[in-house]
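Residue-level listing of the chains:
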Amino acid sequence: MNSVRSLEIPKQLVLEAYKRVKAGGEAAGIDGQTMAMFEENLKDNLYKLWNRMSSGSYFPPAVRYVDIAKSDGKTRRLGIPTISDRIAQMVVKMYSEPMIEPHFHPDSYGYRPKKSAHEAIGMARQRCWRYNWCVDLDIKGFYDNLDHELVMKAVKKHISSKWNLMYIERWLKAPGQLPDGTQMVREKGAIQGGVVSPLLANLFLHYAFDKWMQRNYPLNPFERYADDCIVHCKTESEANSLKEAIEQRLKECKLELHPKKTRIVYCKDDDRKENHEHEKFDFLGYTFQARRSKNRYGKFFVNFSPAVSNKATKAMRQEMRSWRIPNRSDKNIEDLGRMFYSIINGWINYYGRYYKSALYPVFQHLNRLLVWWAMKKYKKLRGHQRNATHWLGKIAEREKYRFPHWKHLDITPATGQ
């Protein structure tokens, strides 16, 4: 214990970790404590956490498991640590990240400072124009199957402080608690939803994949965002042999590729005349496929480019329906704009970066919901969809700032029906 205490965790680091966790959300862990409840006795809570961490007596509580529905009908299990445990994890992340981050590969984009999903998408687009083929990799149950011994081996290459190593190991072994209260002991895997987990996952794949690729296949560039990865190849035979080699490499690291979701994809465009079973792939919410585009001279051509995926547009429509806009006749147009502005703006900022026109049908659907709201709210518009559309279109002309899709995409009810 004393050797741990002698390394001293600065109080200021705990305070800064709390500020970062506060900005990230309110969800409570197994103790039911929200951020607001934690802040009722903030000074004492932070002091207790610092004291326990710096003395080596901090043991992470179980993580609350929540099953999130996936598009294929299955579920993904997320873990929600307690507020204090999220702060403790942030302390370790903030201490460790500066030592690990400089070693990462430039084409590792996920959960890294000054890196983004848009960068990964943009680089994948450029390389799909230069390389005819790619391997769309899907690692089966990545977070659930991380080998603890190999994770710690990777961590020890960069971290020597005993308290860091000790707490990382404790978090890897911390149990998960199911909704019925049953606690599950974990012998492998990292909590998907833990603050420190993305850093550990990146470090694991840095050695399991990035450096291995750099060493053995330096002519095959890739984009990796956490465990989501695209590798580029010149020929189909090269793609097939590389897929087999990656499969073997991951097996050595106690991981496996998903046999159905990992695919060889042909990046088809005007100049690529072959046909293949797979001619598109999804990456970070975008679908890459052959698309009709216009060059600077106004001439149309077909290139292989990203646009918002069908899965993403379906999720956006479902979210819009959950708002029950037509039933909110107690609200006015200003209220509706305020209620949903930030969500809509976030969608446009993320999915509108490439091939923005693919978003039009989604926001035409939102306009229809607003028209139905107007028909329910105002007696003079009931049963008159054309009149309601015209009425709302006039508002959109005058007040485009009310909704981001009116302002940034120019999709107003008058033009979007």
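Residues numbered from 1 in each chain as written. Predicted model: local features only at pLDDT ≥ 70, side-chain atom pairs only at ≥ 80, totals over all residues. Heavy atoms only, no water.

Chemist: Describe in detail the state of the cysteines, supporting the description with residues and values.
Modeler: Counted by the stated rule, this structure contains zero disulfides. Not engaged in a disulfide, the cysteine Cys134 finds its nearest cysteine sulfur in Cys267; these two sulfurs lie 4.2 Å apart. By relative accessible area, which is 0% here, Cys134 ends up buried. Of all cysteine sulfurs in the structure, the one in Cys134 sits closest to Cys233, which takes part in no disulfide; the separation is 7.8 Å. According to the relative accessible area criterion, Cys233 is buried, its value standing at 0%. (Disulfide = S-S within 2.5 Å. Buried < 20%, exposed > 50% of the residue type's maximum accessible area, 1.4 Å probe, protein only.)

Chemist: So what's going on with the sheet that holds strand β10 (residues 286–294)? Residues and values would help.
Modeler: The three strands are arranged β9-β10-β11 in an open sheet whose pairing can be described as antiparallel. Looking at strand neighbours, the two that pair on one side only are β9 (281–283) and β11 (300–308), the edges of this open sheet. Between one strand and the next, the sheet's axes are offset by a mean angle of 50°, whatever the strand orientation. Here three bridges tie β9 to β10, and the two strands are oriented antiparallel to one another. Looking at the pairing, Asp282 lines up with Thr287 of β10. Against the sheet, helix α6 (residues 117–130) engages β9, β10 and β11, with an angle of about 150° to β11. (Pairing = 2+ DSSP bridges. Helix = DSSP H or I, 4+ residues; strand = E, 2+ residues; numbered from the N terminus. Axes fitted to C-alpha atoms, helices over the stretch in contact; angles between N-to-C directions. Contact = heavy atoms within 4.5 Å.)

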